[in-house]
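Coordinate inspection notes
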Amino acid sequence: SASFALVIAVLLVQGLYYNGFKINVSQTILDALVILIASIPIALPLVLQVNMALGASHLATTYNAVVTSLPALQDIASMSMLCSDKTGTLTTANMSIITDQIFASDGFTAEEVILYGFLCSNADKKDDPIDRAIVSAFNDTGNSKDGYVQTEIIGFNPSVKRVVAFVKSGDKTLTIAKGLPAKILDTEAGAPDDHELQWKVDKINDHAFIKSVEATDTDLSSSGYKTIAIAVCEGNARELGDAAVWKFAGLLPMLDPPREDTPATIESLHHANISVKMITGDHANVGKETSRLIGLGTNVLPGEEMRNAPSETKNDIIWNADGFAAVLPSDKREIVLVLRNHFGLVTGMTGDGVNDAAALSAAQVGIAVAGATDAAKNAADLILTEEGLSPIYGAVLESRRIFARIKAYVVYRVAASIVLVLTLSIVIFVTSCAVDSLMIIILALLNDVSMIPVAYDNAKATTKPQLPVAKTLVLQSLFYGLVQAGLSLMFIFSMANNRDERFAIDLNGPNNEGCTGEARGFIWFHLVMVTELMIFSVRAPRFVLLSPPPSMYLAGSVLLTLILGGLLAGFLQMWTVPGGDIGWIILFNVASFLVVDLMKLQFRKMIGEEPGDVILSDDLLTPTTRTETQKTVEKGERYRTHRESIVGEADRCHCVEVKSKSGLPGFFSLGGDTMMDNGYIKPMGSINFMRQNQAPTIRGPHRTKQVSSPY
């Protein structure tokens, strides 16, 4: 609107005050329109897309992380909290049964516990780390499975935490279950579930027996072992119903060691002020021991404690915990929603299964780990093609560098438009001197084309999450635009009044008939130089001479543009600016550039945009051993940084809006527009699938993405 007002003002001043409507109407209109052209950052979307596309390509080739939508890079750069699965992400998933630690209940031997575990496993399911470990342990015993035939198996479900198999042994049928110890002892433990088979083992009321099992389970899990419980029912439990008698056979201890790079990755993420919460389906003691080994805090709480907590304390429990164990899929989603909606943090979530899709979709940064299902990949913003957590760290660093480049370019481009519009308009108001419209178009084109290499600039990743704050971007653009416009006007008018006729420019022309071609060329080349040099100040986090140098591509592009601009100004027949004037332009712009860059430091400090620390290398940091007290202190420092990186309430909604023009009513309609809020569809208005004009979109806190999953 401001640019449009200036266009109207220039049109009226040129046309009425300077009689442009009488002398040359078409030229007067062109002089006004050129102000509008100068105000429009035509190539802004192109440069942003090139920046993000090159960054996404770099992520895929260098860090083995594939971005599913380019705007997701912004969320990755802003991420403060990462909720990570344990098995296969923080650990190797190369589990092994520790046979000398097997616990066998009365009436069973260790060999029988392994046999029953084997009969309740799927030997063909090579990608399941638990089944793979049990099958391997059974094969190592040298025992035979002859006489046993598995006839049916009800696979694992994260909601029920167990597997049930039906096995034929001669004329007899056995029903075997394996899973979470609490669920094998009593299927209603934690919370009732919807599995078709429900039971309590025959010794559930024998307190001494239950205490012994729980004590053994606690001892094993405290030592870092994942425990799998085995129970056996003689007969078909489905047919026997309530008459089925289940006997607890024993516990299989499994070891799942952390990945070698996990402690270093955790250390590096913490240095980047990203807190990591471990979320696992294992026992809380297993979670605590794993957390200790990888450098996380050991305040790992059972999911049941969170589920049963009153609403007024649940949020604080989620905020303060270092992780959660024995969780359900719904727990993961709830944790993400609390961190995102209540605390306002940009939250990441890793997952690999169908049941993780809702949590991945609810998180601003859903991350599908290597080997994830299609449902998880469709709901994710980032897909890892390498196992472990380390690709996420690389993705964070590259995203923050992309953010720095884009932020610098946006500030630069808006500021350059302000300089051009104000300088050209005020010169016209005062003297009626208008630079040739075609050359202003060329100037705007040069500004845009020369800045495309900003995508290759040597930006540094900061140690703090980067949130786009419109206020600070606008303030910085205004600072550069107004200061440089003021200095430009001072320079142009001082040269017009220069007593040395060798360097003076004539803004009025002979008999006040309009400025000379030399004056127009002088103004044009000055504007080329001031706008081109500005990018080096905007991109520099500190004083330009003390900041990392620009990339050779950006520096070369600007240099070539300045050389081309100088040649056009000096040799174009309609201008022929003298070499002395070009020298004055170069001298003044270099001096003013350094002055403005020094002023920039104080201005950024005033608006809270100080550069802060940067991460110098992409290499993972070497982990250091810390006490629990030291971990708590460092966690508190990170959380203070998190509170400085909170997303505004208006931007926390992560929902899907599906809209379409109405066509056939009723039949093919859901009865209204629908909104998918945090993973669930809600009726809002009217939708017609027969005449849907555009693809459904998800409107997240920062971006819009295609709906590729029902989650």
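This one's a predicted model, so the numbers in the text were calculated from it and none came from an experiment.

1. Let's talk about unusual backbone geometry
Glycine aside, negative phi is the norm for most residues, and most peptide bonds take the trans geometry. Positive phi, close to 50°, is recorded for Ala-326, a residue that is not glycine. Summarising the element assignment, Ala-326 is placed in the loop between β12 (323–325) and α15 (329–342). Looking at Ala-326, the relative accessible area reads 24%, which means it is partly exposed. One non-glycine residue, Thr-576, lies in positive phi territory at about 45°. As for its position among the elements, Thr-576 is in the loop between α22 (552–571) and α23 (579–606). Using a relative accessible area of 42% as the deciding quantity, one classes Thr-576 as partly exposed.

2. Topic: the confidence of the model for the chain
Taken over all residues, the pLDDT of the chain has a mean of 86, while the share at 70 or more is 89%. The element-level mean pLDDT for the chain is lowest in strand β21 (residues 697–699), coming to 37, with strand β7 (residues 172–179) highest at 96. Below pLDDT 50 for its whole length, residues 656–711 participates in 130 contacts with residues either more than four positions away or in separate chains.

3. Quick notes on the packing of helix α6 (residues 110–119) against helix α7 (residues 129–141)
Pairs of packed helices are described in terms of their axes, by the angle between the two and the distance that separates them. In the contact formed by α6 and α7, the axes pass within 9 Å of each other and the chain directions differ by 135°. By the angle between their axes, α6 is oblique relative to α7. Crossing handedness for the pair α6 and α7: left-handed. On α7, the residues that touch Ile-114, Leu-115, Gly-117 and Phe-118 of α6 are Ile-134, Val-135, Ala-137, Phe-138 and Thr-141. When its residues are assigned to classes, the contact of α6 with α7 shows 7 nonpolar, 2 polar and no charged.

4. Quick word on the sheet that holds strand β2 (residues 81–85)
What the 8 strands build is an open sheet, ordered β1-β15-β14-β13-β2-β10-β12-β11; its pairing is mixed. Each end of this open sheet is capped by a strand with a single partner; those strands are β1 (65–67) and β11 (300–302). Ignoring which end each strand starts from, the neighbouring axes of this sheet average 20° apart. Summarising the sheet, β11 and β12 pair through 3 bridges and their orientation is parallel. When the bridges of β12 are listed, Pro-302 appears paired with Ala-325.

Calculation criteria
- Residues numbered from 1 in each chain as written.
- Predicted model: local features only at pLDDT ≥ 70, side-chain atom pairs only at ≥ 80, totals over all residues.
- Heavy atoms only, no water.
- Helix = DSSP H or I, 4+ residues; strand = E, 2+ residues; numbered from the N terminus.
- Buried < 20%, exposed > 50% of the residue type's maximum accessible area, 1.4 Å probe, protein only.
- pLDDT = per-residue confidence, 0-100.
- Contact = heavy atoms within 4.5 Å.
- Axes fitted to C-alpha atoms, helices over the stretch in contact; angles between N-to-C directions.
- Parallel < 35°, antiparallel > 145°, perpendicular 65-115°, else oblique.
- Left-handed = near helix turned anticlockwise from the far one by under 90°.
- Nonpolar A, V, L, I, M, F, W, Y, C, P; charged D, E, K, R; others polar.
- Pairing = 2+ DSSP bridges.

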